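Take a look at the letters that make up each chain.
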Amino acid sequence: MKTNPMDEFSEPTECSNPSTRRDVLKLAIGGLAGMLLPGCSTISGPEMGGTQPKLGFRSIPISSEDVVHVAPGYDWRILYAWGDPVQSSGPEFKSDASNTAEDQFQQAGCHHDGMEFFPIGGSSTHGYLCLNHESFDDGLIHPGGSLPTSQEKAKKGMASCGVSVIEVKRNDRGIWQRLDSPVARRITAMSPMLMAGPAAGHARLQTRVDPQGRTVFGTLGNCAAGRTPWGTYLTCEENFQDFFKLPDEGERVTKAEKRYMADAGLMNHWHEFEDRFDFAKEPNEYNRFGWVVEIDPRQKAPPMKRTALGRFRHENAALTLSKENHVVVYMGDDSKFEYIYKFVSKGVYDPDDHSNIDDLLNVGTLYVAQFLDSRQGKWVELTHGKNGLNKDSGFADQGEVLIHARLAADHVGATTMDRPEWLAVHEQLGEVFVSLTNNSKRGKSGYPATNEANSRKKNIHGHILRWRESGADAAATTFSWSPLILCPDEEADVHFSSPDGMHIDQRGILWVQTDVSSSKLNTKKYERFGNNQVLAVDPVSGDVRRFLTGPVRCEITGLTTTPDGKTLFVNIQHPGQPNGGQTKEPQDVGKYSTWPDGESESARMGRPQCGRPRCATLVIQRKDGGVVG
Ligand code: FEO
Ligand code: CA
Ligand code: CA
Ligand code: CA
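Read on for an overview of the structure. (Residues numbered from 1 in each chain as written. Chains lettered and ligands numbered in written order. Predicted model: local features only at pLDDT ≥ 70, side-chain atom pairs only at ≥ 80, totals over all residues. Heavy atoms only, no water.)

### Observations concerning the coordination of the calcium ion (ligand 2)
Working step 1: The calcium ion (ligand 2) binds to the protein through Glu315 (OE), Glu421 (OE), Asp500 (OD) and Asp500 (OD); the donor distances cover 2.2 to 2.6 Å.
Working step 2: Counting residues between consecutive donors of the calcium ion (ligand 2) along the chain gives the motif E-x105-E-x78-D.
Working step 3: A separation of 3.8 Å is found between the calcium ion (ligand 2) and the calcium ion (ligand 3), which share Glu421 as a coordinating residue. With Glu315 in strand S14 (residues 314–321) and Glu421 in strand S19 (residues 420–426), the pair connects residues that are 106 residues apart, well separated along the chain. (Donors = N, O, S within 2.8 Å, 3.2 Å for Na, K, Ca; no water. Helix = DSSP H or I, 4+ residues; strand = E, 2+ residues; numbered from the N terminus.)

### What to know about the environment of Val209
Working step 1: Relative to the helices and strands, Val209 resides in the loop between strand S8 (192–196) and strand S9 (215–217).
Working step 2: Once the C-alpha coordinates of Val209 and Glu282 are considered, the two residues, 73 residues apart in sequence, prove to be 9.6 Å apart.
Working step 3: Residues in contact with Val209, not counting those within four places in the same chain, are Phe217 and Glu282. (Contact = heavy atoms within 4.5 Å.)

### Some remarks on a positive patch on the surface
Working step 1: Together, Lys336, Lys444, Lys458, Lys520 and Lys525 line one region of the surface with positive charge.
Working step 2: By secondary structure assignment, the location of Lys336 is in the loop between strand S15 (326–333) and strand S16 (340–348).
Working step 3: Exposure remark for Lys336: the relative accessible area of 31% places this residue in the partly exposed category. (Patch = residues over 30% accessible without salt bridge, like charges linked within 9 Å, V, L, I, M, F, W, Y side chains within 5 Å. Areas by Shrake-Rupley, 256 points an atom, 1.4 Å probe, with all protein chains shown as cover. Salt bridge = Lys/Arg side-chain N within 4 Å of Asp/Glu carboxyl O. Lys, Arg positive; Asp, Glu negative; His and termini not counted. Charge placed at Lys NZ, Arg CZ, Asp CG, Glu CD. Buried < 20%, exposed > 50% of the residue type's maximum accessible area, 1.4 Å probe, protein only.)

### So, the pairing of strand S10 (residues 222–227)
Working step 1: In terms of residue burial, S10 counts as a mostly covered element, since six of its six residues are buried.
Working step 2: Here S10 folds back onto strand S11 (residues 233–237), and the loop between the two strands holds five residues, one of which, Gly231, carries a positive phi near 85°. (Pairing = 2+ DSSP bridges.)

Structure representation (structure tokens):
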């Protein structure tokens, strides 16, 4: 959960009256929404009352410069860039990328993505920040590029992926800093973690190194994120296929394996040094990625891969509670024509009794969404023995249903979507939003036709949908939906393309981050959007304003806020990314961007100059110390 009530849940010792907070949540997803908004409508609908606070900043213009611009009256600083040491005793970043693999294990990874702030003692000025390192550019992280390959380079790549847990605090002068911390750490593509839930131990998860199918090394493709009511971090494995040497086109693989290999593009040489990354040598290793992984920021316990939530290219995990306090997790599978899922726990969450916490994401029901005509929807259960999911249809047991969730979803007739990226639960409105980033193949010959929820052929700019669960209960099996924004929304003053990251702050403002692909940014069809950016959307009034524009060829993601709304953290991912994602020649380093330590920004920031672009976490505050937005 990203809204205030759940932030309070994450610190149960701070709750003087937990039952009140439970009631607040129920009211949020249910009663209040029902009172304000009797039907589903678009943002311009007449029944949208003006009860929400208006956006309080002036929208900024688009930018194609290699700098960060934020709205007037705001300051930004870099908090944590690629190579910054996790603890102050760790190795400093070397601007020629000559840090060793061993150094990289103790430093910020690359491709900062999903991120959550976990308050310490309920504080809005001191907490843990968990953030993902989705990927890396093998041509950027070594002094002379990715070739020739070596074990050391492979190891450095593995150390640059995964997750960071850091402790951060705002000092008396209002400046956020990283602190040394007993739990600050890197989790990488080599860190041991456990499989949990119905598929743990399954024959398809067993390998030579782990014949029990229960212990995995690493997490990969850590895209977006989530947070549980009990204060843990969820990191979601998305494009894991690009880390494996997969069979060439035409080589024999099963239908299920093939389904999980679509659009794969090998981006490293790890398989030359570790057999597990070579599908031909250790095929089941591939099945051990594509999961949601739970991490406790407050202790160094092994992360848990929660198999009950299904295996696909996970974007984020948006949590809420049902009327009866079942834990509900909304998830998207980010590929063209893939699906939206929901998990409902069997047990219920009790903020006063954490004895069943481990079961909540292990035992429950996985559903997939059908968006029906007339703006109705249905959640279809993916349970072995139901809806035709049995041995005859290729699913021997529930483990198989979860490991091949995409095929189970095909089988029950789920609705193909235009690349589901983030989902977000708007507690005050009792609605769920999903960004469908784009799908140029929609409606083209040989591809699925349009449907009512994905209604535009060749949808190159994407859209955002909203829905409301029946009976205002997140555990319901039916819902009603409507469009929120069809990008670029010609009638609006502010235009954007390819919505991706989303966060709803404590006031109910929807923050949208865009991800137009690097090869398309500022080309003819996209020049009106400029570089990727952050928008603030008031979903009640329909007001949309541009808050931030990023440097050249970056994507913007991971935006989150402190419980008091006065600090905003956001990630700049892959500034200067070349087409295809990897720097091919060493002389191309810095060709498009040298942000943040190039000429333009380093002087302003008082940082040493470096010709190598670096992913980074920004911290943004209002100059007068007020609430952001
Ligand atoms: Fe990692 Fe779908 O974005
Ligand atoms: Ca994304
Ligand atoms: Ca994206
Ligand atoms: Ca990305």
